[in-house]
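Chain by chain, the residues:
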Amino acid sequence: TGTLTSTLDLDYNDGAAAQQSSVGFTAVSNSPALLNISDGVTYDFASQPIGSTNEYTFTVTNDGSSQATAMDGVGLVAPYEYKDSSYPGTGGTCGLSLAPTVSCTIIVTFAPGSAGTFNDNIEIDYDDGVTTQTSLRAVTGIGASAGVITISDGPIYDYGTFATTSFNDYSLTLTNAGDLNASSITGSGLVAPFSFKDGSYPGTGGNCGATLVGG
């Protein structure tokens, strides 16, 4: 790379003596465009609830010395796509070309419709100034059932008959039947003569907190 120079010398005889005619050449050589997508080697969307839509903004940088042209995002299949279905994704800034040392963004969504692990590759095709190239970024994500808390002894737990002013307690079991954690758990709704033991959730001796892991 850099400024390159050379000279063409043409030797000849003009009929009387040896002669030389010359012409100089100069040119600038740059390294081809090289697009790199952030968050490698693999970006992990982690576990997300089935039916949810999750987005992430990736940065694309031209680390070469030539302009990248004819850029196009291809390759994604459901549950992945560019946000709102087309490259670079709504809100993304990448276009058809990218100058050297400049960055732009693409926005990719992960919307699992079923349980399981989903793997894919973001692919950006481009012309590096010499030939067509492809930049890749692997993505992975898990579709998981949302946290679902069930309470034992339903639909109605019957304490039976007790004397007025007596005190009776009972332990109910909370189970998270989903794959994902249930969070921000609070207890409410009870009115006298019912209450959490000693007045506050989860009741003295209870071991429930603000989070209950999946399963």
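Computed from a predicted structure; not experimentally measured.

Visitor: Honestly, the side chain of Asn 62 in this entry has me stumped. Any pointers?
Guide: Its location among the elements puts Asn 62 in strand β5 (residues 54–62). A distance of 2.9 Å separates a polar side-chain atom of Asn 62 from the backbone oxygen of Ser 66. Once residues within four sequence positions are removed from consideration, Asn 62 is found in contact with Ala 33, Leu 34, Leu 35, Gln 67, Ala 68, Leu 98, Ala 99, Pro 100, Thr 101 and Val 102.

Visitor: Looking at this structure, I do not really get the side chain of Asp 120. What am I missing?
Guide: For Asp 120, the position within the fold is in strand β9 (residues 116–127). It turns out Asp 120 is buried and unbridged, and the closest side chain with the opposite charge, Arg 137, is 12 Å from it. Among the polar contacts made by the side chain of Asp 120, one reaches the main-chain amide nitrogen of Val 77 at a distance of 2.9 Å. For Asp 120, the residues in contact, after removing those within four places along its chain, are Gly 75, Leu 76, Val 77, Tyr 80, Arg 137, Ala 138 and Val 139.

Visitor: Just checking my understanding: could you explain the sheet that holds strand β7 (residues 80–82) for this structure?
Guide: For sheets, the rule is that strands pair by backbone hydrogen bonds, running either parallel or antiparallel. A sheet is described by the order of its strands in space; here four strands give the open sequence β3-β5-β8-β7, paired in antiparallel fashion. The outermost strands of the open sheet, each flanked by one partner alone, are β3 (35–37) and β7. Between one strand axis and the next, the sheet turns through 30° on average, direction left out of account. Across eight bridges, β5 lies against strand β8 (residues 103–110) in antiparallel orientation. Looking at the pairing, Asn 54 lines up with Phe 110 of β8.

Calculation rules
- Residues numbered from 1 in each chain as written.
- Predicted model: local features only at pLDDT ≥ 70, side-chain atom pairs only at ≥ 80, totals over all residues.
- Heavy atoms only, no water.
- Helix = DSSP H or I, 4+ residues; strand = E, 2+ residues; numbered from the N terminus.
- Polar contact = N/O pair within 3.5 Å; in protein donor to acceptor, adjacent residues only side chain to side chain.
- Contact = heavy atoms within 4.5 Å.
- Buried < 20%, exposed > 50% of the residue type's maximum accessible area, 1.4 Å probe, protein only.
- Lys, Arg positive; Asp, Glu negative; His and termini not counted.
- Salt bridge = Lys/Arg side-chain N within 4 Å of Asp/Glu carboxyl O.
- Pairing = 2+ DSSP bridges.
- Axes fitted to C-alpha atoms, helices over the stretch in contact; angles between N-to-C directions.

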